[in-house]
Amino acid sequence: GFQSFLPLALLAQTTLPARKLVLFRFGWSEVGKPLVPWPAWDDIVEAIVTSTSALGIDEADVLAHSYGTNVANRVLRSFCGIDTDVPSRLQTAFCKFRSLVLWEPMIFGDTSVGFSCALVNRMPLDINIGAMANRGGVPWKESMFYNPADYGQCERG
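Residues numbered from 1 in each chain as written. Predicted model: local features only at pLDDT ≥ 70, side-chain atom pairs only at ≥ 80, totals over all residues. Heavy atoms only, no water.

(A) Structural context of unusual backbone geometry. Unlike most non-glycine residues, Cys-154 shows phi in positive territory, near 55°. Inspection of the secondary structure puts Cys-154 in the segment after helix H5 (139-142). (Helix = DSSP H or I, 4+ residues; strand = E, 2+ residues; numbered from the N terminus.)

As structure tokens, then:
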């Protein structure tokens, strides 16, 4: 959550004064907010990329925490052009991760080990009881089965 990330953000702000520090808070993903609607992935990625571009940032060293690691992966996938089902409609200045640190990444249940309900749901079964807590997991998007450096991203780590 945001509270556990805040001390690190404050440390970064005091030790890296020559850099712009941008924090994104995803209120819909916080504990205790079950009724807050979740935006679509395209909207999340577009909002991050356009708002970062508006700040005059074209490359960034990214530190993602918890749920933010999944968000960072989705933004990075858009920069790499990996998701062919999502057309790249963004023409913005911010288009590159210099480096990426995934801190305490969020694990999506069975998806993280390759057994995803999305895969089972594609089969002609009536009820999927394999992993009911993660019915929508899509491992081909939630896991990093690609090397960002192959796409000119994360060249500094």
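(B) Spatial organisation of the pattern of salt bridges. As enumerated under the stated definition, the model contains 3 salt bridges in all. The salt bridge involving Arg-98 is made with Glu-59; its shortest N-O contact spans 3.6 Å. You can see Arg-98 sitting in strand S2 (residues 96-103) and its partner Glu-59 sitting in strand S1 (residues 59-65), a full 39 residues away along the chain. Residue classification places Glu-59 among the partly exposed positions, given a relative accessible area of 30%. The partner of Asp-61 in a salt bridge is Arg-98, and the shortest N-O contact between them spans 3.3 Å. Of this pair, Asp-61 sits in strand S1 while Arg-98 sits in strand S2, and the two are 37 residues apart along the sequence. In the salt-bridge network here, residues are joined through shared partners; they are Glu-59, Asp-61 and Arg-98. (Salt bridge = Lys/Arg side-chain N within 4 Å of Asp/Glu carboxyl O. Buried < 20%, exposed > 50% of the residue type's maximum accessible area, 1.4 Å probe, protein only.)

(C) A look at the nonpolar core. Core analysis: the largest hydrophobic core is formed by 22 residues, its most contacted members being Val-75, Leu-76, Phe-94, Phe-97 and Leu-100. The set of elements that each furnish at least two residues to this core consists of helix H2 (41-54), S1, helix H3 (67-80) and S2. Residue contributions to this core peak at 7 residues, all from H3. If sequence neighbours within four positions are ignored, Leu-76 has contacts with Phe-97, Leu-100, Met-144, Tyr-146, Pro-148, Gln-153 and Cys-154. (Core = buried A, V, L, I, M, F, W, Y, C linked by side-chain atoms within 4.5 Å. Contact = heavy atoms within 4.5 Å.)

(D) Spatial organisation of H2. With 14 residues, H2 ought to run about 20 Å at 1.5 Å a step, and its terminal C-alpha atoms sit 20 Å apart, in line with that. Listing the buried residues of H2 in full gives Ile-44, Val-45, Ile-48, Val-49, Thr-52 and Ser-53. One face of H2 carries all of its buried residues, which in axial projection span an arc of 150°. As for H2, its buried residues are in contact with H3. Count one or two residues on from H2 and you reach Gly-56, which has phi positive near 80°. (Expected span 1.5 Å × (residues − 1). Arc of directions from axis to C-beta.)

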